[in-house]
Structures are given as structure tokens and as C-alpha cells.
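Spelled out, the chains give:
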4 protein chains.
Amino acid sequence: MGDFSGHVLPGTLFFVIGLWWSIKHILKHVCRQQKRSSSLITKKFFLRAEIVEGIVITGVVLVGITGLYLVLGKRNQLSEKESQLVLILYWHHFVMYVFFAMLGGTKILCFTIRSLPVSLVKLMLTNACFVDAFIFHNHTHGRTLVDTFGHQLLSFAIFLAGLVAFIEFFTKSNVVLALLRSSLVMLHGMWFCQVAFVLFPKNRDHAWNLSDHSNVLFLTVIFCLYYALTYVIIGINYALVTWLVNWRLSKLCTSETQLLKNLEQQEESEDEM
Amino acid sequence: MGDFSGHVLPGTLFFVIGLWWSIKHILKHVCRQQKRSSSLITKKFFLRAEIVEGIVITGVVLVGITGLYLVLGKRNQLSEKESQLVLILYWHHFVMYVFFAMLGGTKILCFTIRSLPVSLVKLMLTNACFVDAFIFHNHTHGRTLVDTFGHQLLSFAIFLAGLVAFIEFFTKSNVVLALLRSSLVMLHGMWFCQVAFVLFPKNRDHAWNLSDHSNVLFLTVIFCLYYALTYVIIGINYALVTWLVNWRLSKLCTSETQLLKNLEQQEESEDEM
Amino acid sequence: MGDFSGHVLPGTLFFVIGLWWSIKHILKHVCRQQKRSSSLITKKFFLRAEIVEGIVITGVVLVGITGLYLVLGKRNQLSEKESQLVLILYWHHFVMYVFFAMLGGTKILCFTIRSLPVSLVKLMLTNACFVDAFIFHNHTHGRTLVDTFGHQLLSFAIFLAGLVAFIEFFTKSNVVLALLRSSLVMLHGMWFCQVAFVLFPKNRDHAWNLSDHSNVLFLTVIFCLYYALTYVIIGINYALVTWLVNWRLSKLCTSETQLLKNLEQQEESEDEM
Amino acid sequence: MGDFSGHVLPGTLFFVIGLWWSIKHILKHVCRQQKRSSSLITKKFFLRAEIVEGIVITGVVLVGITGLYLVLGKRNQLSEKESQLVLILYWHHFVMYVFFAMLGGTKILCFTIRSLPVSLVKLMLTNACFVDAFIFHNHTHGRTLVDTFGHQLLSFAIFLAGLVAFIEFFTKSNVVLALLRSSLVMLHGMWFCQVAFVLFPKNRDHAWNLSDHSNVLFLTVIFCLYYALTYVIIGINYALVTWLVNWRLSKLCTSETQLLKNLEQQEESEDEM
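As the structure is a prediction and not an experimental result, all values here were calculated from the model.

**Topic: the overall build of chain A**
Regarding its fold elements, chain A presents seven helices and zero strands. Secondary structure of chain A in N-to-C order comes out as α-α-α-α-α-α-α. Taken over the C-alpha atoms alone, chain A extends approximately 95 × 45 × 35 Å along its principal axes. Considering only residue pairs separated by 6 or more positions, chain A has 77% of its internal contacts joining residues 24 or more positions apart. Within the structure as shown, chain A displays about 14000 Å² of accessible surface, and the carbon and sulfur contribution to it stands at 65%. Positive and negative side-chain charges in chain A, numbering 22 and 17 respectively, have mean positions lying 8 Å apart.

As C-alpha cells, this is what we get:
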């Protein structure tokens with residue numbers, strides 16, 4: 001929770017989710033463009049991917065709640081006032097986990113039960129992001145200047161991700177919007193890690209001055225550069241996925257051609273006989 | 001007004017409205033999916049439900065305004081300054097009632113007179129929600145920290161409900177959006193009750209410290225958990241309504257089949273004769 | 001400018017514009033529903049109405065700018081500091097007039113030259129409203145509490161009107177949205193008059209206490225009641241316009257029937273001859 | 001950077017981009033209306049224009065970054081504290097350049113590689129504008145009142161431009177929206193120049209009082225007047241482009257007619273022979 005690993009772990013998870021989403025949506029886009037690719041990746045594959053995604057999210061959340069519970073046990077050593085604050089922060093994290101668990105659960109339900117509207121998943125994603133942003137927004141009381149600013153940017157990134165998810169709710173599968181959402185979730189994850197390094201430096205000698213305003217100005221720059229970095233990552237992803245699909249398709253074609261040739265040779269040999 | 005029942009009563013009303021809306025929209029969604037259900041629930045049923053809803057809202061509002069008038073009579077015992085403030089708060093509540101009365105009236109008119117555009121109802125709902133949020137936003141002057149925060153969240157929930165109603169204005173009958181609106185109205189109702197328990201505790205020994213900031217952090221958590229709860233309620237509603245419609249349909253089929261069998265038996269007996 | 005008539009005059013103008021818009025859009029809506037009405041009110045009528053509207057707006061603005069110029073002449077009696085402030089306020093009003101003149105000019109051009117896109121008018125309306133709101137927002141420096149609040153609500157009403165005009169830009173002639181815009185412009189006009197009565201009371205004995213916060217709470221109520229009033233006005237308009245169109249149509253039918261009868265009689269008499 | 005030319009240069013660039021966009025979109029609009037114009041300006045022309053635009057933007061950005069690097073070299077003369085601040089401001093400008101470079105790069109890629117979605121360009125434009133606004137918003141720490149206000153308006157103009165670009169992302173090539181975006185970018189450019197003249201006056205005797213609030217009120221007026229000016233520029237552009245296209249078309253027709261006449265004469269002379 002309030003330590004280095006408590007910020008790096010969720011950050012890594014958010015980054016991985018964002019990365020996976022960017023790959024998934026690029027793959028979908030490439031498959032839609034190349035009609036032949038349906039022989040490689042079927043609709044069933046994407047359906048199963050969604051269900052597995054839901055199961056993984058729910059699983060991670062359950063592990064996270066268990067971890068929180070264990071952290072909570074250690075607070076006996078603290079004073080009453082501090083113990084109370086830790087309890088409240090525990091609840092803050094618990095609420096976020098609940099909404100992501102609801103997202104996971106909805107994903108599993110919506111892609112297995114047909115009568116449920118699929119757009120419910122988008123709504124739950126929006127809810128999870130907005131509640132996340134709302135909690136982080138009310139999470140910064142009594143902190144130092146830089147600490148507050150770092151958490152506000154966390155709130156800002158996930159709020160924007162929620163906003164894009166809400167807009168996606170109304171538009172039919174737009175790849176660019178989906179990539180925008182992925183990039184914002186990746187940014188949220190990266191920023192979690194950056195905040196961890198700023199607030200809990202490994203080497204105390206190079207610790208940040210948490211009340212210097214020029215550090216706020218500098219964090220603004222880093223935030224934007226991370227955002228630029230997400231687009232570089234998405235660009236590389238795009239190039240890789242396109243190349244991979246084309247390579248597999250060409251291989252498939254070769255084997256198909258060979259198959260046809262074999263068939264012809266057989267026919268020829270039969271003719272000869 | 002400024003007492004326990006003055007917050008619990010509107011809270012209960014908002015919760016009931018939200019619950020009824022969630023049931024109505026789930027019923028509509030299930031009926032749209034199962035074509036055969038038209039034998040159970042006709043379009044006329046929904047039309048009548050809307051008109052009854054309008055009448056009930058208007059009725060409740062009239063009762064509310066009468067109640068306000070009676071409360072206003074008691075202010076003779078107060079000092080001039082306090083009496084003036086009570087009068088202003090009276091007007092605040094009166095304005096909210098006026099807009100909900102307009103919503104009720106518009107509902108009755110739009111579903112009885114055909115030439116009126118039905119989307120007017122959505123606009124009036126948006127207006128009622130936004131005016132409600134606007135009044136609550138300007139309602140918090142000179143209050144304690146926790147009191148102000150509680151009323152701001154009230155304003156926030158109903159503002160979001162108004163925003164969703166405004167978006168619904170542009171989209172054609174989307175069940176997920178309607179459920180989102182229902183959940184936000186339910187949240188508004190629940191939060192009314194929660195605020196009542198926080199500000200006017202029954203047991204003075206367990207009263208909340210209204211100027212402690214950690215209570216604000218804790219209320220944030222409760223607000224989000226209530227929001228999660230509304231989705232649990234909607235989920236249970238969905239399961240119940242689906243099961244009920246299917247059960248009634250299967251019963252209907254059985255009776256129809258029996259009717260057919262009876263007819264066949266009669267025919268057979270007629271043949272035998 | 002900074003006196004009673006300087007607030008009542010623009011208020012009356014805004015109210016009249018809002019009222020005219022509500023009548024125009026209701027008339028359009030009624031004509032669209034009753035196909036026969038095309039004999040009464042043709043498309044050419046609405047086209048001419050738009051051009052006349054543009055000319056009237058431009059005319060009023062030119063009169064307004066001339067009036068401002070005359071007011072400006074009187075500032076010689078003031079001290080240098082006050083004179084400078086009056087000059088700046090003059091410019092504030094001048095800018096608003098410029099944008100409304102642009103709206104009028106665009107209206108004339110777009111409805112006379114065919115190649116120009118008609119949506120340009122909506123954009124100019126949005127611009128005029130937003131610039132108005134922007135100016136009012138930066139107009140409140142160094143004023144008393146109630147004065148500032150009154151001008152903020154002015155800014156708020158016209159900002160919302162601009163927002164609705166911007167949304168109308170994307171949707172095809174929606175009567176409810178147009179009525180919403182009309183009501184907000186009427187509200188803006190009414191509030192101008194209310195602010196005039198609050199800030200420059202005719203009877204000094206009943207002057208408002210401009211630094212009492214309870215007056216802010218009370219103005220909130222009045223603002224909302226005025227908003228409710230605009231809907232009552234629109235409702236009466238709707239009833240009147242519908243009744244008038246139907247009455248004229250029935251009269252027309254009677255005369256047409258009589259005409260037919262006369263024709264028949266003539267034919268009969270001709271036959272008889 | 002923090003001097004006269006450091007504000008005038010980017011201002012001129014933004015103004016030129018806005019002006020070019022307004023010409024481009026007016027040309028597109030005129031060509032869409034006059035079917036015959038396809039003989040003058042082909043689709044290939046617009047495609048090439050987009051690619052050239054991308055190359056120019058990328059080029060300018062690279063020159064800008066080089067310029068920044070040279071400025072950075074001079075900071076050895078400053079104290080450590082000031083040097084650090086200059087370094088941060090350097091990074092601020094660097095980030096903006098990075099996003100505009102990404103816009104240029106995306107433009108080149110999207111209009112040369114067909115499989116990439118073209119809407120990616122709009123997204124990158126939105127990103128560049130929003131990041132620009134975000135940086136300017138966090139750029140005003142510890143400045144004087146007027147300085148802060150000037151930079152906030154810079155942020156405001158480019159934020160609005162980004163918002164319009166984001167809305168354009170969802171709507172199909174709307175000329176009015178594109179002109180709105182152009183006008184806001186032009187406004188951003190003009191305001192850059194105005195800020196340069198306010199903050200770094202050539203004649204120290206006529207320097208602005210940067211802490212006088214009446215200057216804020218006056219800058220509001222200038223900002224709005226510049227906005228009005230952009231529409232005058234767009235109007236003149238529209239008239240010029242329409243006249244030019246018509247003149248070229250009429251000339252083309254004359255030459256075509258002459259060609260036909262010549263052909264006829266030749267035929268006639270052939271007949272005579």
C-alpha cells in the first residue's frame with residue numbers, strides 16, 4: 001500500500017493490461033483488413049480471449065484483496081491515529097479492487113450469457129476507471145506538494161481512460177479510440193511506477209525534495225514523455241503484429257500451394273499409371 | 001427539512017424511483033429479446049406505466065410541498081435570523097419540488113397527447129436533476145467540513161444522473177444507459193439516508209466528528225460501496241425479472257398446449273362418434 | 001452600461017429574442033406535423049424570417065454601439081482611474097456587440113448566398129454566446145459578493161445557451177433542443193433585469209445587502225424559478241400556436257369547401273342553362 | 001524561449017499553420033460544391049499537400065529543437081537555481097516539440113501507408129494540442145498576474161483547438177468545424193505574439209504594469225477581438241478562394257471553347273478544301 005512495492009505492483013499490472021489491450025485491438029484491426037486472416041485467427045479466439053481476460057482480472061483482484069488483508073494485520077504496531085488512517089487507506093484500495101472485480105465478473109458473464117448486452121462491459125470499465133479517479137482525487141489530503149501532484153496525475157490519467165471508455169460505449173469498435181484508451185492505461189501504469197520511485201527512493205541520498213515546486217514542473221515533463229513513449233510502444237506493436245500476421249499468412253499460403261502441388265503430382269502419377 | 005426524517009424521506013423516494021426504473025427498463029429489455037413475451041406484456045402496459053408514474057410523481061410532490069408548508073409554520077419559535085434562513089431553505093426545497101412536479105406533469109401530457117415530442121420528458125428529467133444539483137451545490141454555505149462534503153456528493157450523484165439523462169436524450173432507448181441512470185438515482189437516494197444518519201445520529205454517543213478530515217476520506221469509501229451495491233441490486237433484479245418472464249411464458253405455453261390437447265381430444269371423440 | 005437601464009435594455013432584448021425563437025421553432029414543429037399547413041406557412045416564409053432576424057439583430061447592435069459611444073462621452077467628469085475602468089468596461093460591451101453583429105451578418109449572408117453552409121449560423125451563435133460568457137466571467141473583479149454571483153449566473157446561463165447551440169450544430173433540427181436554447185436565452189434576459197433591480201434599486205430603502213451570503217442563497221432560488229417560468233411561457237406559446245394554426249386551417253378548409261360548393265353551383269346553373 | 005523572439009516565432013508558425021488549414025479546407029469545400037473543379041484540383045493534390053504538410057511540420061520541429069539546444073548552451077552564465085529553472089523550461093518546450101514531431105510523422109505515415117487508419121492523424125493533432133495546453137497550464141508558477149493570465153489564455157485557445165480536433169475525429173469532414181479549428185489555431189498564434197509584446201516591450205517606457213488587474217480585463221477584450229479578426233481573415237480567404245476557382249474555371253472553359261472552335265474551323269477548312 002503506502003510503500004515502494006505497493007505502487008510498483010499495481011503499476012506493472014496496469015501497464016500489462018494496457019499493453020495486452022493494444023495488442024488485442026491491433027490484431028483485430030489487422031484481421032479485419034486482411035480477409036484471408038480468418039483462417040489464422042477466428043472470432044472464437046477473440047471471444048475466448050475476452051473470457052480469459054475476465055478470469056485473469058478477477059483472479060488478480062482476489063490476490064490483491066488477500067494481500068491487503070495481510071498488510072492490515074501488521075498495523076498493530078502503530079498508534080491508534082495512524083492505525084485508523086491505514087484502515088481508511090485499506091478501504092480506499094478495497095473499493096478500487098471491488099470495481100475491478102465487478103469488471104472481471106461482468107466480462108465473464110457478458111461473453112458467456114448471450115442475452116446480456118455486451119456494452120455492459122464498457123460501462124463497468126468506465127465505472128472502474130471513474131471510481132479509481134474519484135478515490136485518488138480524495139486520496140491526497142495532508143500530503144506534500146509533489147506527492148499530491150503525483151497522485152493527481154494518476155487520477156487524471158485514469159479519468160481520461162474512463163472518459164475514452166465511455167465514448168467507446170457509443171461508437172462501434174473504433175481501433176484508434178481503443179488504442180487511445182490502451183495508451184492512457186499504460187500511462188497510468190507507468191506513472192504508478194514513477195510515483196513509487198519519487199516517493200520511496202531506494203537511495204536516500206538522491207531523494208526528491210517533495211515540497212519544491214520546480215519538481216512539479218519537472219514531473220509534468222516526465223508525464224508527457226511517458227505519454228509519448230506509450231505511442232512509441234504502440235507503434236512497435238503495430239509493426240510487429242502486422243509483420244507476424246503477414247509472415248504466418250505467407251507460410252500458410254506456401255503450405256497450401258505445396259499441398260495443391262502434391263495433389264497435382266499425385267493426379268499426374270495416377271494419370272501416368 | 002433540516003432533520004433526520006427530512007433526509008430519509010426524499011432518500012427513500014429517490015431509491016424507490018431508481019429501483020422502479022431499473023425494473024421497468026430490464027422488463028423492456030427482456031420483452032424486446034423474447035418476441036413471444038408480447039402476449040404477456042403489451043406496449044399499452046408500458047404506456048400506462050409511464051402515465052401512472054407521472055401521476056405518482058406529481059402526487060408525491062404535492063404532498064411534499066404541503067409538508068414543507070406545515071414545517072414552515074413552526075418557525076415562529078425561532079429568532080429572526082434563523083427564521084430567515086429556514087425560509088430560504090424552504091424555498092430551496094420548494095424549487096426542487098417545482099421541477100419534479102414539472103417532470104410529472106410533462107410525463108402525463110407527453111404520453112396522452114400524441115403531437116408532443118416524447119423526448120420532452122427526458123429534457124424535463126435532465127432539468128430536474130440539474131436544478132437539484134445546482135441547488136445542493138449552493139446549499140452548503142457555512143456548514144461543517146463533513147456536512148459540506150456529504151451535500152456535495154448528493155449534488156454530484158444527481159448531476160451525473162442528469163448528465164446520463166441528457167445523453168439518453170440523443171440515443172435511442174439504450175438499456176445500459178437507462179440502468180446507469182437508475183443506479184445513480186438509487187445512489188442519490190441511498191446517500192440521502194446515509195447523510196441523515198451522519199448528521200442526525202440517533203445515539204449521540206456515536207455521533208460523527210463533523211470537522212475531522214479522515215471522516216471525509218471514509219465517506220468517499222462508503223459512497224463508492226453504495227454505488228457498487230446499486231449494481232448488485234440491478235443484477236439481482238435482472239435475474240429475477242428474467243426468471244419471472246420465462247416462468248410465466250412456460251406456464252402460458254403449458255396451458256396453451258393443454259388447450260390444444262383438449263381440442264384434439266374433443267376432435268378425436270367427435271371422430272369416434 | 002453600469003446603471004439600471006444598461007441592464008434592463010439588453011435583458012429585454014435577450015428575452016424578446018428567446019421568445020421569438022421559441023415561437024419560430026414551435027411553429028416549425030407544428031407545420032412539420034400537419035402536412036396541410038404548407039398552404040398557410042411556406043418554406044419561403046421561414047427563410048425570409050431568418051433574413052429579417054439577421055437584419056434586426058445587426059440593426060439593434062449598431063444602435064447599441066452608438067449608444068455606448070454616447071455614454072463614453074460622459075466620462076470626462078470622472079477621475080483618471082475611474083475613467084480608465086469605464087473605458088475597459090466599454091470595450092467589454094463593444095466586444096459582445098461585435099460578436100452579435102457577426103451573428104447577424106452571417107445570418108443574412110448564409111440565407112441569401114446558397115454556397116455557404118447554413119451550419120455557420122449555429123457556429124456564430126455558439127461563438128457569440130461563449131464570448132459573452134467569457135467576458136462576463138472576467139467582468140466581476142473587485143465587486144461585492146452578491147454582484148459577483150449575479151454576474152456569474154448571467155455568464156452561466158449564456159454559457160449553457162452556447163453549449164446547447166453547439167450541440168444543435170451536430171443534430172438535425174431537434175425542436176426540443178431549440179426550445180431548450182430559447183428558454184436559456186430567455187432566462188439570460190430575465191436575469192439581466194433581475195440583476196438590474198438588485199444592483200440599482202429604485203427605492204433606496206429596500207436596497208439589497210450586497211455582501212450578505214443569505215442573499216446569494218435566495219438569488220439561487222429566484223434563478224431557478226425564472227427558469228421554471230420560461231417553461232411555463234413556452235408551454236403557453238405551444239398551446240397558442242397550435243390552436244392558431246388549427247383555427248386558420250379549419251377556416252381555410254371552410255372557405256375551400258365553400259369555393260368548391262360555389263363552383264358546383266356555377267356548374268349546375270351552367271348545366272341548367 | 002523566455003524572450004521576445006521565443007514567443008513571436010512559434011506564434012508566427014501557429015498563425016501560418018492556421019491560415020494554411022483555413023485555405024485548404026475552404027478549397028476542399030469549394031471543390032466539393034463545383035463538380036467541374038476536379039479538372040483543376042485533383043484528389044492527388046490534396047493527398048500530396050497532406051504529405052508535404054507533414055514533412056514541413058517535422059522539419060520546423062527539428063529546427064526548433066536544434067534552436068532550443070543552442071539556447072541551452074548559454075545558461076552557463078546563470079546562477080545554479082536559475083540554470084535549473086531554464087533547464088526545466090527547456091524540457092517543457094522540448095515535450096511540445098516532440099508531440100508536434102509525432103503529428104508530422106503520423107501525417108507522413110498515414111497518407112503513404114494505406115493500411116493505417118487516417119483518423120490517427122486527428123488523434124495525434126488532439127494529443128499535440130492537449131499536451132500543449134497541459135504544459136502551458138503548468139507553466140505559470142510564480143509569475144505575475146498578467147503574465148499568468150496571458151499564458152492561461154494561450155493554454156485555453158490551444159485546449160479549445162484540441163477539443164474541436166477531437167470532435168472532428170467523430171464527424172465526417174465538416175468544413176465549419178475545420179474552420180473553427182483553424183481560427184482557434186490562428187488565435188493561439190496571434191496571442192503568442194501579443195504575449196511577446198506585453199511581456200517583452202521594445203520600448204521600456206510603454207511597458208505594461210504586469211500586476212494591475214485592469215490589464216487582465218483589457219487583455220480579455222484583446223483576446224476576443226483577435227478571435228473576431230480570425231473570422232474576418234477566414235471570410236476574406238473564402239471570398240478569394242471562391243473567386244480564384246471560378247476565374248480559373250471560366251478561363252479553362254474559354255480555352256476549351258476556343259479549342260472546340262479551332263477544331264470546328266479546321267473541319268470547316270477541311271470541308272472547303
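**Comments concerning the relation of the copies chain D and chain A**
Relating one copy of the chain to the other requires a rotation about an axis plus a shift along that axis. In screw terms, the move from chain D to chain A is a rotation of 90 degrees and a rise of 0.1 Å along the axis, fitting with an RMSD of 0.1 Å. Look at the turn and shift together and you get a four-fold axis relating the two.

**What about the interface of chain D and chain C?**
Taken together, the contact pairs 26 residues of chain D with 27 residues of chain C. Across the interface of chain D and chain C, roughly 2300 Å² is buried in total on both sides, 81% from carbon and sulfur atoms. Inspection of the region where chain D meets chain C yields zero salt bridges. Contributing elements (two or more residues each) for the side of chain D that touches chain C: α1 (4–33), α5 (145–168), α6 (175–199) and α7 (213–272) of chain D. Examining the composition of the side of chain D that touches chain C, we find that 13 residues originate from one element, α7(D), more than from any other.

**Thoughts on a nonpolar patch on the surface**
All names here are of chain A. On the surface, a cluster of nonpolar side chains totalling about 300 Å² of accessible area is made up of L13, V52, V56 and V60. Top element by residues in the nonpolar patch is helix α2 (residues 43–73). It accounts for three residues. Looking at where V56 falls in the secondary structure, it is placed in helix α2.

**Notes on the environment of M102(A)**
With respect to the element layout, M102(A) can be found in helix α3 (residues 80–112). Each C-alpha atom of the pair M102(A) and I57(A) lies 9.5 Å from the other, and the pair is 45 residues apart in sequence. Setting aside residues up to four positions removed in sequence, M102(A) forms contacts with M124(A), A228(B) and Y231(B).

**Some details on the arrangement of the chains**
Kept free of each other, chain A and chain C leave a smallest C-alpha distance of 15 Å between them. Contact between chain B and chain D is absent, and the least distance between their C-alpha atoms amounts to 15 Å.

**Description of the UniProt feature "transmembrane region" (unreviewed entry) in chain A**
Residues and elements named next belong to chain A. Following the UniProt record, the feature "transmembrane region" (unreviewed entry) maps to residues 6–24, 45–72, 84–104, 116–137, 149–171, 178–200 and 216–241 here. Overall, residues 84–104 shows 100% helix and 0% strand. The separation of its end C-alpha atoms is 30 Å. This span, residues 216–241, is 100% helix and 0% strand, and a straight line between its end C-alpha atoms measures 37 Å.

**Some details on the interface of chain D and chain A**
Each side of the interface is counted separately: chain D has 27 residues, and chain A has 26 residues. Both faces considered, chain D and chain A share a buried interface measuring about 2300 Å² in area, 81% of it formed by carbon and sulfur atoms. Among the residues of chain D in contact with chain A, I88(D), F134(D) and H141(D) are the three that bury the most area, contributing 21% of the side total. Joining chain D to chain A, the criterion identifies four residue pairs in polar contact (both at pLDDT 80 or more). A per-class count over the side of chain D that touches chain A returns 19 nonpolar, seven polar and one charged.

**Observations concerning the side chain of H25(B)**
All names here are of chain B. Looking at the element boundaries, H25 is found in helix α1 (residues 4–33). Residue H25 is classed as buried on the basis of its relative accessible area of 13%. Other than its neighbours up to four places away in sequence, H25 contacts V175, A178, L179, R181 and S182.

**Let's talk about the state of the cysteines**
All names here are of chain A. Under the criterion given, the structure shown has zero disulfides over all chains. The thiol of C110 is unpaired, and the distance to the nearest cysteine sulfur, on C129, comes to 16 Å. According to the relative accessible area criterion, C110 is buried, its value standing at 5%.

**Some points on the packing of helix α4 (residues 119–137) of chain A against helix α6 (residues 175–199) of chain A**
All names here are of chain A. The interhelical angle for the contact between α4 and α6, taken along N-to-C directions, is 30 degrees, at an axis separation of 14 Å. The chirality of how α4 crosses α6 is left-handed. On α6, the residues touching K122, L125, D132 and F136 of α4 are R181, H188 and F192. Its residues assigned to classes, the contact of α4 with α6 comprises three nonpolar, one polar and three charged.

**Description of the environment of G104(A)**
Position of G104(A) among the secondary structure elements: in helix α3. Accessibility expressed as a relative area gives 0% for G104(A), which makes it buried.

**Describing the packing of aromatic side chains**
Summed over the entire model, instances satisfying the criterion amount to 76 aromatic pairs over all chains. Ring geometry for F134(C) versus F223(D): centroids 5.8 Å apart, planes at 45 degrees, classification tilted. Placement of F134(C) in helix α4 (residues 119–137) and of F223(D) in helix α7 is noted, with the two residues assigned to different chains. Plain terms: the ring middles of W91(D) and F94(D) are 5.4 Å apart, the flat faces sit at 90 degrees to each other, and that makes the pair edge-to-face. Remark: F94(D) and W91(D) occur in helix α3 (residues 80–112); sequence separation between them is three residues, near one turn of the helix. Put simply, the rings of F134(A), F156(B), W191(B), F223(B) and Y226(B) pair up and form one aromatic cluster. Over the ring of F46(A) we find K28(A), and its NZ or CZ is 5.6 Å from the ring centre. Over the ring of W21(B) we find R181(B), and its NZ or CZ is 4.8 Å from the ring centre.

**Brief notes about the packing of α1(B) against helix α2 (residues 43–73) of chain B**
Residue and element names in this part refer to chain B. In contact at an axis separation of 12 Å, α1 and α2 are set at 175 degrees when each is read in the N-to-C sense. As far as their axial angle goes, α2 and α1 are roughly antiparallel. Between α1, through L13, W20, W21, K24, L27 and K28, and α2, the contact on the second element is made entirely by F45, F46, A49, E50, E53 and V60. For the contact of α1 with α2, a count of residues per class yields eight nonpolar, no polar and four charged.

**A word on α4(C)**
For α4(C), spanning 19 residues, the distance from its first C-alpha to its last is 27 Å, which sits close to the expected 27 Å at 1.5 Å a residue. Counting buried residues in α4(C) gives 15 out of 19 residues, a clear majority hidden from the surface.

**Some details on the pattern of salt bridges**
Residue and element names in this part refer to chain A. Under the defined criterion, the tally for this structure stands at 32 salt bridges over all chains. Two residues, K107 and E50, come together in a salt bridge whose shortest N-O distance is 3.5 Å. Residue K107 is located in helix α3, and its partner E50 is located in helix α2; the two are separated by 57 residues in the primary sequence. One exposure class covers both K107 and E50, and it is buried. A single network of salt bridges, built from pairs that share partners, joins K24, K28, E50, E53 and K107.

**Description of the confidence of the model for chain A**
For chain A, mean pLDDT is 85; residues scoring 70 or higher make up 91% of the total. Quick note on the complex model: pTM equals 0.88, ipTM equals 0.85.

**Describing the side chain of T106(B)**
On the secondary structure map, T106(B) appears in helix α3 (residues 80–112). Discounting residues that sit within four places of it in the chain, T106(B) has contacts with L120(B), V121(B) and M124(B).

Each value, and the rule that gives it
- Residues numbered from 1 in each chain as written.
- Chains lettered and ligands numbered in written order.
- Predicted model: local features only at pLDDT ≥ 70, side-chain atom pairs only at ≥ 80, totals over all residues.
- Heavy atoms only, no water.
- Helix = DSSP H or I, 4+ residues; strand = E, 2+ residues; numbered from the N terminus.
- Contact = heavy atoms within 4.5 Å.
- Areas by Shrake-Rupley, 256 points an atom, 1.4 Å probe, with all protein chains shown as cover.
- Lys, Arg positive; Asp, Glu negative; His and termini not counted.
- Charge placed at Lys NZ, Arg CZ, Asp CG, Glu CD.
- Least-squares fit on C-alpha atoms with pLDDT ≥ 70 in both.
- Buried area = accessible area lost by both parts, 1.4 Å probe.
- Salt bridge = Lys/Arg side-chain N within 4 Å of Asp/Glu carboxyl O.
- Patch = residues over 30% accessible without salt bridge, like charges linked within 9 Å, V, L, I, M, F, W, Y side chains within 5 Å.
- UniProt positions renumbered as here; feature names shortened; annotations may be inferred.
- Polar contact = N/O pair within 3.5 Å; in protein donor to acceptor, adjacent residues only side chain to side chain.
- Nonpolar A, V, L, I, M, F, W, Y, C, P; charged D, E, K, R; others polar.
- Buried < 20%, exposed > 50% of the residue type's maximum accessible area, 1.4 Å probe, protein only.
- Disulfide = S-S within 2.5 Å.
- Axes fitted to C-alpha atoms, helices over the stretch in contact; angles between N-to-C directions.
- Left-handed = near helix turned anticlockwise from the far one by under 90°.
- Phe/Tyr/Trp six-rings, centres within 6.5 Å; stacked < 30°, edge-to-face > 60°.
- Lys NZ or Arg CZ within 6 Å of the ring centre and 35° of its normal.
- Parallel < 35°, antiparallel > 145°, perpendicular 65-115°, else oblique.
- Expected span 1.5 Å × (residues − 1).
- pLDDT = per-residue confidence, 0-100.

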